[in-house]
Amino acid sequence: MNEQTSRLNRERRFLVLLGLICISLIGGALYMQIVLGEAPCPLCILQRYALLFIALFAFIAAAMPGRRSLTFFEALVVLSAIGGIVAAGNHVYILANPMVSCGIDTLQPIVDDLPLAKLWPLVFQVDGFCSTPYPPILGLSLAQWALLAFVLTAVLVPLGIYRNRRRA
């Protein structure tokens, strides 16, 4: 196995790990919703979509045989992470400014009309308010943790591409 193949395999393993982490984060959100009774807001649901798309594109990218197709799906991972940054960043702002609304009156019907909300209402249907403060985990709100995860994804995936693709 040559050096280039080894680097691409490392990149693929990273993408599989990223996909598993995203699925785990969705599982954690479901645990908090079902077991702890923390109702998801519209921005929470949009963050779940972003995590789902990151996982889906990461798994597809890891299965791609060529560099071009791998890079294309990695770009979709980064775009999904940027969407997550927008949703989580907005959520962090709302939690810091409770008088600001997340637009549950306008955003909820849009999010609830998305196809996955009809297919899996437990996972993708809005049931709460963005300004509801839940107990922090290790000093950060859930929205802050999500923002950190999305920023890390948006930064680390391109860095991994650069690191693994540069000429040795």
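Here the structure is a predicted model, which means the values were calculated and not measured. (Residues numbered from 1 in each chain as written. Predicted model: local features only at pLDDT ≥ 70, side-chain atom pairs only at ≥ 80, totals over all residues. Heavy atoms only, no water.)

## Details of the layout of surface pockets
- What the largest pocket holds in volume is close to 850 Å³.
- Those elements that place two or more of their residues in the lining of the largest pocket are α1 (3–34), α2 (42–63), α3 (67–96) and α7 (142–165).
- A total of 12 residues in the lining of the largest pocket trace back to one element, the largest contributor, which is α1. (1 Å grid on protein atoms, 1.4 Å probe; cavity = no way out; pocket = protein on both sides within 12 Å on 5 of 7 lines; lining within 4 Å. Points joined across faces, edges and corners; volume = space filled by probe spheres on them. Helix = DSSP H or I, 4+ residues; strand = E, 2+ residues; numbered from the N terminus.)

## Some remarks on the UniProt feature "transmembrane region" (unreviewed entry) in the protein
- With numbering matched to this structure, UniProt assigns "transmembrane region" (unreviewed entry) to residues 14–34, 46–64, 76–96 and 142–162.
- Helix makes up 100% of residues 14–34 and strand makes up 0%, while its end C-alpha atoms are separated by 30 Å. (UniProt positions renumbered as here; feature names shortened; annotations may be inferred.)

## Description of the packing of α2 against α3
- Here α2 crosses α3 at 165°, and the two axes come no closer than 8 Å. In terms of orientation, α2 and α3 fall into the roughly antiparallel class. Of the two possible hands of crossing, α2 and α3 adopt the one that is left-handed.
- Residues belonging to the contact of α2 with α3 are distributed by class as follows: 19 nonpolar, 5 polar and 1 charged. (Axes fitted to C-alpha atoms, helices over the stretch in contact; angles between N-to-C directions. Parallel < 35°, antiparallel > 145°, perpendicular 65-115°, else oblique. Left-handed = near helix turned anticlockwise from the far one by under 90°. Nonpolar A, V, L, I, M, F, W, Y, C, P; charged D, E, K, R; others polar.)

## Here we look at the confidence of the model for the protein
- Residues with a pLDDT of 70 or more make up 91% of the protein, whose mean pLDDT is 84.
- Per-element averaging of pLDDT across the protein places helix α4 (residues 104–112) at the bottom with 72 and α2 at the top with 93. (pLDDT = per-residue confidence, 0-100.)

## Some thoughts on the environment of Leu25
- For Leu25, the location among the structural elements is in helix α1.
- Taking the C-alpha atoms as reference, Leu25 lies 15 Å from Leu43; in sequence the two are 18 residues apart.
- Not counting chain neighbours up to four residues away, the residues in contact with Leu25 comprise Leu51 and Ala149. (Contact = heavy atoms within 4.5 Å.)

## Here we look at the nonpolar core
- Leu18, Leu43, Ile54, Val77, Phe124 and Phe150 are the most contacted members of the largest nonpolar core, which has 39 residues in total.
- Of all the secondary structure elements, the ones that give two or more residues to this core are α1, α2, α3, α4, α5 (115–119), α6 (121–124) and α7.
- Element by element, the count of residues in this core is highest for α2, at 11 residues.
- Beyond its immediate sequence surroundings of up to four residues, Phe124 is in contact with Ile45, Arg48, Tyr49, Leu52, Val111, Asp112, Leu116 and Ala117. (Core = buried A, V, L, I, M, F, W, Y, C linked by side-chain atoms within 4.5 Å. Buried < 20%, exposed > 50% of the residue type's maximum accessible area, 1.4 Å probe, protein only.)

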